[in-house]
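# Architecture at a glance
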2 protein chains.
Amino acid sequence: MKIQSTAILGAGSWGTALAALWSSDGRNLRLWGRDEALVEQLRQSRENPDYLPGVKLPESVKVTSRLSDCADVDLIVFVTPSTALRTIAGQLGQTSVGEKAILMSCTKGIEHGSGKRMSEILQEHFPKNPLAVLSGPNLSVEVARGLPTATVLACTDIDRATELQSYLGSTKFRIYTGDELSGIELGGALKNIFAIAAGVSDGFELGDNTKAALITRALAEMVRLGTMMGGSTRTFYGLSGAGDLVATCYSRHSRNRRVGEELGRGKSLEQITASMQMVAEGIPTAKSAYECARKLNVETPIIDQIYSALYEGKPLRQAMEELLGRDQKAERL
Amino acid sequence: MKIQSTAILGAGSWGTALAALWSSDGRNLRLWGRDEALVEQLRQSRENPDYLPGVKLPESVKVTSRLSDCADVDLIVFVTPSTALRTIAGQLGQTSVGEKAILMSCTKGIEHGSGKRMSEILQEHFPKNPLAVLSGPNLSVEVARGLPTATVLACTDIDRATELQSYLGSTKFRIYTGDELSGIELGGALKNIFAIAAGVSDGFELGDNTKAALITRALAEMVRLGTMMGGSTRTFYGLSGAGDLVATCYSRHSRNRRVGEELGRGKSLEQITASMQMVAEGIPTAKSAYECARKLNVETPIIDQIYSALYEGKPLRQAMEELLGRDQKAERL
């Protein structure tokens, strides 16, 4: 079955950027948003001013707030917040989605309590469908502006991975195929926590040397926890792990880095999230990853300090000092 | 033998920063520079305005242009340009350096023709002495300003590694010990070539996504070539490999990144090097690494393109297009 129609669920910045990217070359595309007012505005103005100003969606993209409009397609792409994915998957399960439709997650997160990856939640609701994930260093605004970008895709059905690669990829959006869903998803989820830490370092003006040391330890921590959660070391050192980590830790476009930076400059988490239109996935993921690390008995000093600062009221300065102030010893990754 | 006196050979920005750092706590320190006028200025004003403006060296640091003044110390630190190290080691060999003096390289480079690391050159001249290397994400200006920094040190004599760690380390300059000289030196040398490539990406304004993809491939290329040259994978993923790579690719203080950025903005290599006081080690290292990769038959697409652009007159735009324009396929690190 050749892919001929696609629905993107989630009209935030990444969902809208993917709709803008994939609407070229005559692809049959639908974009679903939960918020009816936003959907109406998008339908009228073809622009998403709060999430991705300046990017116009062509008329060919059908914008809708009814999930049933997205049931009869060959490819369903999840770009919802991680905390909303289970609910939306459940609602979609009540529509007439076919068993051959591919369900692809572009959402970066880990579920609270269960510790499940997004594709695992999709599998619960659609046990017979092929599942895919797409993740990499893909800042929305650059993708929407047509700057060259590379990403990684994996699918439970290998033949369909190649099909997705050629259907969704282009010279400006190069897709490399990976051989596992787990590592790709875990790298994308965990790096958002480390980006908050890197942002705190920026906010405290600790300099490029400290930030680089922190990111090196973050990569080691990603590998340590991520492999215990089922990903391969090789995947974490690739585009969807190390690549996404450095993009998010250094880009001024990164929300998670910005949350950390503003915390470092003295704002409270409440002030920051109230002033942000968008979800910073590192905040819920810090909780899920902390829970997983405790269950699996993995040492995760960076995640622990960010968790304590976000959820237990630990002063940020103290958290960073404890993180950076360990004894001189042999380098241990 | 406890370390009681140290000579730093090379009064560029890194040598001067290390002198400023280590001159605290009453260490007996000498700083050697080849340029007599610079040495005289440093001696008088206690400042190195061309290389490290605003940083004062205390009177306790003895500044000299005579190598013989540096012979009778317990620790000799090489911070010369890589292309000058062999000559200076040869000249030092004619003085009365004792067989127990530790020779430590902080120079990042690979010798043209021989493909030798800096510590290998030192070993030729001082076959009986303990040898050490120190390398990591250590931008000079931040170290001189006392911003927290971490680095890696290894020594052929393990007991002396621990001694160096406690003698040279502090809460602001944390030293972790590594278990091999080769990987530490190779990571520090190779990353400068990749920083030129990252700078070119900045100069062309290709965005954070492209830069992150490039750095991911650079890390894989460092591991591929570096392991064939005798380093361990583990070392390359640590502070002296991945850590130094990201620091240098992203910092506005990095000379090598700046060379790439100015090339990307259209300046010629001659214009750039003429306007720079300091050596950008990535330029000679691109040649050495290219030679090594050919001998060892290792695939090094980034090094090859930078080599072609710097030494064979290949248009930079074409080099970057060939680098970024490869076919979509499976991710291969």
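Residues numbered from 1 in each chain as written. Chains lettered and ligands numbered in written order. Predicted model: local features only at pLDDT ≥ 70, side-chain atom pairs only at ≥ 80, totals over all residues. Heavy atoms only, no water.

## Some words on the packing of aromatic side chains
Residues and elements named next belong to chain A. The tally for this structure, following the rule as stated, stands at eight aromatic pairs over all chains. Ring geometry for Y290 versus Y307: centroids 3.8 Å apart, planes at 5 degrees, classification stacked. Placement of the pair is Y290 in helix α13 (residues 282-296) and Y307 in helix α14 (residues 301-311), with a sequence separation of 17 residues. Ring-pair connections join several aromatic residues into one group, and the members of that group are Y290, Y307 and Y311. Stacked on the ring of Y167, the Lys or Arg R27 has its end atom at 5.5 Å from the ring centre. (Phe/Tyr/Trp six-rings, centres within 6.5 Å; stacked < 30°, edge-to-face > 60°. Helix = DSSP H or I, 4+ residues; strand = E, 2+ residues; numbered from the N terminus. Lys NZ or Arg CZ within 6 Å of the ring centre and 35° of its normal.)

## Things to note about the pairing of strand β6 (residues 75-78) of chain A
Residues in a regular strand point their side chains to alternate faces of the sheet. Residues and elements named next belong to chain A. Along β6, one buried face is formed by L75 and V77 and the opposite face, lined by I76 and F78, is buried too. Two elements, strand β1 (residues 5-9) and β6, share four bridges in a ladder whose sense is parallel. Along β6, the bridge assignment pairs A7 with I76. As paired strands, β6 and strand β7 (residues 102-105) are joined by four bridges and run parallel to one another. What sits directly across from L75, in β7, is I102. The parallel pair β6 and β7, bridged by helix α3 (residues 85-93), forms a crossover whose chirality is right-handed. (Buried < 20%, exposed > 50% of the residue type's maximum accessible area, 1.4 Å probe, protein only. Pairing = 2+ DSSP bridges. Right-handed = clockwise from strand over helix to strand, strands pointing away.)

## Topic: the relation of the copies chain B and chain A
Under the fitted operation, chain B is carried onto chain A by 0.0 Å of movement along the axis and a turn of 180 degrees, and the coordinates agree to an RMSD of 0.0 Å. The symmetry that links the two subunits is that of a two-fold axis. Here 100% of the contact residues of chain B are again contact residues in chain A; the copies associate through an equivalent surface. (Least-squares fit on C-alpha atoms with pLDDT ≥ 70 in both. Contact = heavy atoms within 4.5 Å.)

## Comments concerning helix α4 (residues 118-125) of chain B
Quick reminder: α-helices carry 3.6 residues per turn. Residues three or four places apart thus point the same way. All names here are of chain B. Looking at α4, one finds that the buried residues are M118, S119, I121 and L122. Buried positions in α4, seen along its axis, are confined to an arc of 155 degrees and lie on one side of it. Each element contacted by the buried residues of α4 is listed here: β6 (75-78), α3 (85-93), β7 (102-105), β8 (131-135) and α7 (181-203). (Arc of directions from axis to C-beta.)

## As for empty space enclosed by the protein
Taking a probe equal in size to a water molecule and rolling it over the atoms shows the remaining empty space. Using the criterion set out here, one finds three cavities of 30 Å³ or more in the structure. Of the voids in this model, the largest cavity is the one considered here, and its volume is about 90 Å³. Sorting the residues of the lining of the largest cavity by element identifies α8 (207-228) and α10 (239-250) of chain A together with α8 (207-228) and α10 (239-250) of chain B as the ones contributing at least two each. Computed from the structure, the second largest cavity encloses a volume of approximately 70 Å³. If you go around the second largest cavity, you meet 13 residues; those closest to its centre are S105, T107, K108, S135 and E185 of chain A. Residue contributions to the lining of the second largest cavity peak at four residues, all from helix α7 (residues 181-203) of chain A. Class assignment of the residues belonging to the lining of the second largest cavity gives a composition of six nonpolar, five polar and two charged. (1 Å grid on protein atoms, 1.4 Å probe; cavity = no way out; pocket = protein on both sides within 12 Å on 5 of 7 lines; lining within 4 Å. Points joined across faces, edges and corners; volume = space filled by probe spheres on them. Nonpolar A, V, L, I, M, F, W, Y, C, P; charged D, E, K, R; others polar.)

## Looking at the interface of chain B and chain A
Listed per partner, the contact involves 49 residues of chain B and 49 residues of chain A. Overall, the association of chain B and chain A removes approximately 3900 Å² of surface from exposure, summing both partners, and the carbon and sulfur fraction of that is 52%. Three residues, N209, Q328 and E331 of chain B, lead the burial of chain B against chain A; their summed loss comes to 19% of the area buried on that side. Scanning the region where chain B abuts chain A turns up zero salt bridges. (Buried area = accessible area lost by both parts, 1.4 Å probe. Salt bridge = Lys/Arg side-chain N within 4 Å of Asp/Glu carboxyl O.)

## Digging into the sheet that holds strand β2 (residues 28-32) of chain B
All names here are of chain B. Strand order across the open sheet formed by eight strands is β5-β2-β1-β6-β7-β8-β9-β10, with mixed pairing between neighbours. The open sheet has two edge strands, β5 (62-64) and β10 (173-177), and neither has a second partner. Put simply, the sheet's adjacent strands are angled 25 degrees from each other on average, direction ignored. Relative to β5, β2 runs parallel, the two being bridged by three bridges. Following the sheet pairing, W32 is matched in β5 by T64. This element, α3, spans β1 (5-9), β2 and β6 of the sheet and lies at about 155 degrees to β6. Packing against the sheet, α4 makes contact with β6, β7 and β8, and its axis sits at approximately 160 degrees to β8. (Axes fitted to C-alpha atoms, helices over the stretch in contact; angles between N-to-C directions.)

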